[in-house]
Amino acid sequence: KLKWTAGEATSLTLALSHYFDDYDYAINANVAPGTLSVGGATFAGNYDAVNDNALAADRLGGHGRKVNSATLTAHHDFDWGTFKSISAGRLVKDTVFYDQDMGPAHIVDALWRAKTEMYSQEFHLSSPEGAQIGGRDFNWLVGVYLFRMIDGLRPLQIAGAAVTGLDYFGASSISY
């Protein structure tokens with residue numbers, strides 16, 4: 001966060017954030033001991049939480065996510081009240097690969113990328129501290145909030161024996 005005070009009554013605050021993760025899905029789908037998955041995989045062992053390690057080395061699957069956010073807040077005190085503006089944006093990008101049959105056979109492999117954009121704008125006008133009308137406390141607040149989100153799969157791809165004859169089957173969706 002960075003804050004700039006332009007005067008006794010005015011300030012601007014900028015907040016930025018970045019988040020990234022990249023992890024393997026080996027623990028999310030496991031084969032019961034003594035059985036085989038559709039793809040021929042066997043029980044991989046128990047998850048080792050102390051070492052953050054799934055014992056299955058042959059499983060395919062992973063998730064990568066990047067999240068970037070920015071918020072700008074402007075604040076100004078007038079004699080009659082306070083004005084505040086909050087502008088924000090967030091971009092989330094996900095990439096997921098998942099071997100659904102959990103084995104080397106590559107029967108159903110799914111890959112999808114998702115992208116979400118979110119934007120918001122708030123305006124507030126509020127009474128000053130200790131405002132009164134007729135000797136009684138009177139606090140007021142009016143505001144407007146605007147929000148826009150764009151979300152979608154870009155694209156979902158299914159590959160493997162399940163879509164024989166094709167490199168992959170793909171589908172996309174976007175919602176506003």
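From a predicted model like this one, the values you see are computed outputs, not experimental measurements.

Remarks on the overall build of the protein chain
Counting its regular elements, the protein chain contains zero helices and nine strands. The secondary structure elements of the protein chain, listed N-terminal to C-terminal, are β-β-β-β-β-β-β-β-β. Expressed as a percentage of its 176 residues, the buried residues of the protein chain come to 28%. In the protein chain, 58% of the contacts between residues at least 6 apart in sequence involve partners at least 24 apart. Summed over its atoms, the accessible surface of the protein chain is roughly 11,600 Å², and 57% of this surface lies on carbon and sulfur atoms.

A look at the pattern of salt bridges
As enumerated under the stated definition, the model contains two salt bridges in all. Residues Asp-94 and Arg-65 are paired through a salt bridge, measuring 2.8 Å at the closest nitrogen-oxygen approach. A residue pair is termed long-range when its members are at least 10 positions apart, and Asp-94 in strand β4 (residues 82-99) and Arg-65 in strand β3 (residues 61-77) qualify at 29 residues. For Arg-65, a relative accessible area of 26% translates into the label partly exposed. Between Glu-117 and Lys-115 there is a salt bridge; the shortest N-O distance is 3.7 Å. Given a relative accessible area of 16%, Glu-117 falls into the buried group.

Some remarks on the side chain of Gln-121
Looking at the secondary structure, you find Gln-121 in strand β5 (residues 109-126). Of the polar contacts made by the side chain of Gln-121, one reaches the side chain of Ser-85; its length is 3.0 Å. Here Gln-121 is in contact with Ser-85, Ile-86, Ser-87, Val-144, Tyr-145 and Leu-146, once residues within four sequence places are set aside.

Some points on a nonpolar patch on the surface
Residues Leu-2, Trp-4, Leu-12, Leu-14, Leu-16 and Leu-72 make up a contiguous nonpolar surface patch of roughly 600 Å² in combined accessible area. Put simply, the parts of the chain that give the nonpolar patch at least two residues each are β1 (2-5) and β2 (10-24). Counting residues per element, the nonpolar patch draws most heavily on β2, at three residues. Along the chain, Leu-16 turns up in strand β2. In this structure Leu-16 comes out as exposed when scored by relative accessible area, which is 61%.

Side note on the environment of Val-96
Residue placement: Val-96 occurs in strand β4. Look at Val-96 and you get buried, because its relative accessible area is 3%.

So, how was this worked out
- Residues numbered from 1 in each chain as written.
- Predicted model: local features only at pLDDT ≥ 70, side-chain atom pairs only at ≥ 80, totals over all residues.
- Heavy atoms only, no water.
- Helix = DSSP H or I, 4+ residues; strand = E, 2+ residues; numbered from the N terminus.
- Buried < 20%, exposed > 50% of the residue type's maximum accessible area, 1.4 Å probe, protein only.
- Contact = heavy atoms within 4.5 Å.
- Areas by Shrake-Rupley, 256 points an atom, 1.4 Å probe, with all protein chains shown as cover.
- Salt bridge = Lys/Arg side-chain N within 4 Å of Asp/Glu carboxyl O.
- Polar contact = N/O pair within 3.5 Å; in protein donor to acceptor, adjacent residues only side chain to side chain.
- Patch = residues over 30% accessible without salt bridge, like charges linked within 9 Å, V, L, I, M, F, W, Y side chains within 5 Å.

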